[in-house]
Amino acid sequence: MKVPKRLQPLVDDGLIDEVISRLMSGKEADIYIVSCGDTIRCAKVYKDAAKRSFKKAAQYQEGRKVRSGRRARAMEKRSSYGRKQQEEIWQNAEVDALSRLARAGVRVPETYGCVDGVLLMELV
């Protein structure tokens, strides 16, 4: 399979050896099955905010606190920096939730890192 543009940096850095196939596409991301050495994993490629189809995105982000005043103001004004920060917070929230659940003993996919909007994790 041809390597999708967003996965190419991970291939170049040696985090992914091969993109086997696309598993699925959803409203927030595309999921690919990838090989990393002898291990099969999945790569969740988050879609850009402009391409996501969340009708109630604000409800998903409600209650999330931003410590930096600069970041909060930029996000409020919806500047390009603010939108970038919102995307980063959005993606890190899932990684943080998976980590907290794993520490609590819940069986969740193991995460191997989130790089430029791509979450590399265990294929379950």
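Parameters at a glance
Residues numbered from 1 in each chain as written. Predicted model: local features only at pLDDT ≥ 70, side-chain atom pairs only at ≥ 80, totals over all residues. Heavy atoms only, no water. Helix = DSSP H or I, 4+ residues; strand = E, 2+ residues; numbered from the N terminus. Buried < 20%, exposed > 50% of the residue type's maximum accessible area, 1.4 Å probe, protein only. Contact = heavy atoms within 4.5 Å. Areas by Shrake-Rupley, 256 points an atom, 1.4 Å probe, with all protein chains shown as cover. Pairing = 2+ DSSP bridges. Axes fitted to C-alpha atoms, helices over the stretch in contact; angles between N-to-C directions. Polar contact = N/O pair within 3.5 Å; in protein donor to acceptor, adjacent residues only side chain to side chain. Lys, Arg positive; Asp, Glu negative; His and termini not counted. Salt bridge = Lys/Arg side-chain N within 4 Å of Asp/Glu carboxyl O.

A. Layout of the overall build of the chain. Check the secondary structure of the chain and you find four helices and five strands. What you see in the chain, going N to C, is helices and strands ordered as α-β-β-β-α-α-α-β-β. Each of the 124 residues in the chain was classed as buried or not, and the buried ones make up 31%. Of all intrachain contacts in the chain linking residues separated by at least 6 positions in sequence, the fraction that spans at least 24 positions is 39%. Here the chain displays about 8,300 Å² of accessible surface, and carbon together with sulfur accounts for 49% of that area.

B. Geometry of the sheet that holds strand β4 (residues 111-115). Strand order in the open sheet formed by five strands is β1-β2-β3-β5-β4, and the pairing between neighbours is antiparallel. If you trace the sheet from one side to the other, it starts and ends with β1 (18-25) and β4, each paired once. Averaged over all pairs of adjacent strands, the angle between strand axes in this sheet comes to 25 degrees, irrespective of strand direction. Examined bridge by bridge, strand β3 (residues 39-46) and strand β5 (residues 118-122) share five bridges and lie antiparallel to one another. Along β5, the bridge assignment pairs V45 with V118.

C. Unusual backbone geometry, seen in detail. Phi is positive for D116, which is not a glycine, with a value near 50 degrees. With respect to the helices and strands, D116 occurs in the loop between β4 and β5. The class of D116 is exposed, set by a relative accessible area of 63%.

D. Representation of the environment of D96 within the structure. Tracing the backbone through its elements, the reader meets D96 in helix α4 (residues 80-103). Separated by 15 residues in the primary sequence, D96 and T111 place their C-alpha atoms 9.8 Å from one another.

E. Seen up close, the side chain of K44. In this fold, K44 is placed in strand β3. Overall, the relative accessible area of 10% leaves K44 in the buried class. A distance of 2.7 Å separates the side chain of K44 from the side chain of E28, its partner in a polar contact. Ignoring anything within four residues of it in the chain, the contact list for K44 reads E28, A29, D30, I31, E94, G117, V118, L119 and M121.

F. A look at the side chain of R41. Note on placement: R41 falls in strand β3. No salt bridge is formed by the buried R41; the nearest opposite charge belongs to E110, separated by 6.9 Å. If sequence neighbours within four positions are ignored, R41 has contacts with Y32, I33, V34, C36, Y112, L120, M121 and L123.

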